[in-house]
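Fold and contact review
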Amino acid sequence: MLERHFAVDLITQHHLGKIVKRHLTDIECYGAYVLNLESKQVIKILSKTTLLASGGAGQLYSTTTNPPIATGDGIAMVYRAKGIIENLEFVQFHPTSLFNPGETPSFLISEAMRGYGGILKNQLGEKFMNKYDERGSLAPRDIVARAIDNEMKIHGHDFVYLDMTHLEEKALKEHFPNITEKCKSLGIDVAKEMIPVVPAAHYICGGIKVDMNAQTWIKRLYAVGEVSSTGLHGANRLASNSLIEAIVFADRAVKHAVEHASEYQFAATIPGWDDSGTTHPEEMVLITQNLKEVKQIMSNYVGIVRSDLRLERATARLEIIYRETETLYRKSRVSLRICQLRNLINVGYLVIKMAQARKESRGLHYNLDYPRRIENK
Ligand SMILES: Cc1cc2nc3c(=O)[nH]c(=O)nc-3n(C[C@H](O)[C@H](O)[C@H](O)COP(=O)(O)OP(=O)(O)OC[C@H]3O[C@@H](n4cnc5c(N)ncnc54)[C@H](O)[C@@H]3O)c2cc1C
């Protein structure tokens, strides 16, 4: 167990000087290059089998419930190693996170509040959900998130409200102690005032394509948890289903890896990390500004509602940041911040490409130019 270590890249035949192409079935993973965040040195860790469990990519967006580590590292590493990534266009937005600019990750206002009787209202005080779905505030996550997004866009507002004020105060505090406390800390008494809420990026259904034993398309490499794409969520994840990818697939992966470990040898001649010719980046502002821009591009053009024009614009904008960041990466000594930025750009690029390839609206992917779902033949 190595704490304060950050995986930078997977080691494959590429590091033995061989040409590795995507979709080939003979790519093998021999371990990873890992950055020690204390000593700032990159070390080589060799393995018979490797398992990625690096979580999601919510940090692609300005508003997210995900922790700061959710920068899509595993997905980006596998993409760079020429493995197969799929279904990234299916990004789930939680409809109601607390609107509190600057707080990251955003605080989740549980859907149980709507289940308990909470009603969504726009800033004009109008109940709007029934315009979008007969189930009103109890409609599924994707429908509610899209409706809120639309209300915010048509009125030019930054948030809508969740109204709990018609419910009994004592019961509210008993059922939702954390939420009532959190709101109170911001001066909002949920029994008397409406809660300002906004959708937030919450879960990425796609990721590294795996089989039923969590094996990726790169040999000796497994992926479990949110980083993987098992297909179990289809195009629209149900709440609480992440346990399947995290626990069931982890169990299967480990059993499979143990069974097959004796078939593999440690790779012998893997070179160490080469950082010759690099220096510490002097201008941290280049990284922080690019990160801010990536989040803005993804939130504005590749969020809950997309269109061909928005996706095209996102591609063009991201391309510039990609080129700048790659140049900086090649010149810089590896750091956590630049690696995470680079990974987010890689994953953002893939989300856009996969969204562009899907000429329909399905599940969590909604494109104004193709508002309908194409039925499978
Ligand atoms: C607020 C919130 C509420 C949720 N509620 C529910 C719920 O009620 N039910 C449910 O089923 N799901 C829920 N989810 C989703 C669920 O929590 C996640 O999908 C799940 O925790 C993902 O687990 P994981 O092990 O794949 O990744 P994580 O738990 O994110 O762990 C990833 C780990 O990898 C490490 N890591 C990342 N990159 C690197 C790197 N490059 N090098 C080294 N280490 C790295 C991270 O530091 C972290 O320790 C919720 C998510 C959020 C954010």
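Residues numbered from 1 in each chain as written. Predicted model: local features only at pLDDT ≥ 70, side-chain atom pairs only at ≥ 80, totals over all residues. Heavy atoms only, no water.

1. Description of the nonpolar core
In this structure, Leu10, Leu60, Tyr61, Leu88, Val302 and Val351 are the most contacted members of the largest nonpolar core, which totals 64 residues. Among the elements that take part in this core, helix H10 (residues 336–357) stands out by supplying 11 residues, more than any other. Two domains each provide a minimum of three residues to this core, namely domain 1 (5–90 + 203–263) and domain 3 (284–357). Those residues in contact with Val351 that sit more than four places away from it in its chain are Leu60, Tyr61, Leu88, Glu89, Val91, Ile204, Met298, Val302 and Arg306. Counting residues in each nonpolar core, the second largest holds 26 residues, with Leu98, Val144, Met152 and Met164 among its members. (Core = buried A, V, L, I, M, F, W, Y, C linked by side-chain atoms within 4.5 Å. Buried < 20%, exposed > 50% of the residue type's maximum accessible area, 1.4 Å probe, protein only. Helix = DSSP H or I, 4+ residues; strand = E, 2+ residues; numbered from the N terminus. Domains from an automatic or database assignment. Contact = heavy atoms within 4.5 Å.)

2. A look at the sheet that holds strand S7 (residues 119–121)
Pairing in this open sheet of 4 strands is antiparallel, and the strands run S6-S9-S8-S7 from one edge to the other. Because the sheet does not close on itself, it has two edges, and the strands there are strand S6 (91–98) and S7. Strand-to-strand twist across the sheet, computed as the mean angle between neighbouring axes with direction ignored, equals 45 degrees. Here strand S8 (residues 160–163) pairs with strand S9 (residues 195–204) via 3 bridges, running antiparallel. For Leu162, the partnering residue across the bridge sits in S9 and is Ile195. Across the sheet, helix H4 (residues 141–155) touches S6, S7, S8 and S9, and the angle it forms with S6 is around 65 degrees. (Pairing = 2+ DSSP bridges. Axes fitted to C-alpha atoms, helices over the stretch in contact; angles between N-to-C directions.)

3. Observations concerning the environment of Asn87
Structurally, the position occupied by Asn87 is in the loop between strand S5 (85–86) and S6. For Asn87, a relative accessible area of 23% gives the class partly exposed. C-alpha of Asn87 to C-alpha of Cys205: the two residues are 118 residues apart in sequence and 6.9 Å apart in space. Setting aside chain neighbours within four positions, we find Asn87 in contact with Cys205, Gly206, Ser229 and Met354.

4. What about the domain arrangement of the protein?
According to the domain assignment, the protein contains domain 1 (5–90 + 203–263), domain 2 (92–200) and domain 3 (284–357). Put simply, the middle of domain 2 and the middle of domain 3, counted by C-alpha atoms, are 30 Å apart. With 6 residues of domain 2 at the interface, the matching set in domain 3 holds 4 residues. Counting the surface lost from both domain 2 and domain 3, the interface buries some 420 Å², and carbon and sulfur atoms represent 74% of this. The three residues of domain 2 that bury the most area against domain 3 are Phe93, Arg146 and Asp149, which together make up 73% of that side's buried surface. One can count 0 salt bridges joining domain 2 with domain 3. Looking at which element gives the most residues to the side of domain 2 that touches domain 3, the answer is H4, with 4 residues. Residues of the side of domain 2 that touches domain 3, tallied by class, amount to 3 nonpolar, no polar and 3 charged. (Buried area = accessible area lost by both parts, 1.4 Å probe. Salt bridge = Lys/Arg side-chain N within 4 Å of Asp/Glu carboxyl O. Nonpolar A, V, L, I, M, F, W, Y, C, P; charged D, E, K, R; others polar.)

5. Things to note about the packing of helix H8 (residues 284–301) against H10
How two helices sit against one another is set out by the angle between their axes and by the gap between those axes. Two elements in contact, H8 and H10, have axes whose closest approach is 10 Å; the angle formed by their N-to-C orientations is 25 degrees. Taken together, the axis directions place H8 and H10 in an arrangement best described as roughly parallel. In this structure, H8 crosses over H10, and the sense of that crossing is left-handed. Of the residues in H10, those in contact with Met284, Ile287, Thr288, Asn290, Leu291, Val294 and Met298 of H8 are Arg337, Ile338, Leu341, Leu344, Ile345, Gly348, Val351 and Ile352. In the contact of H8 with H10, the residues fall into 11 nonpolar, 3 polar and 1 charged. (Parallel < 35°, antiparallel > 145°, perpendicular 65-115°, else oblique. Left-handed = near helix turned anticlockwise from the far one by under 90°.)

6. Things to note about the pattern of salt bridges
Should the charged atoms of two oppositely charged side chains come close, the side chains can pair. Counted by the stated rule, this structure contains 22 salt bridges. Between Asp133 and Arg135 there is a salt bridge, with the nearest N and O atoms lying 2.9 Å from each other. Take Asp133: its relative accessible area is 11%, and that puts it in the buried class. Of the charged contacts in the structure, one is a salt bridge between Asp149 and Lys153, with a shortest N-O distance of 2.9 Å. Here Lys153 and Asp149 lie together in helix H4, a separation of 4 residues that amounts to about one turn. The class for Asp149 is buried, based on a relative accessible area of 11%. Among the charged side chains, a network of salt bridges with common partners joins Glu89, Arg358, Glu360 and Arg362.

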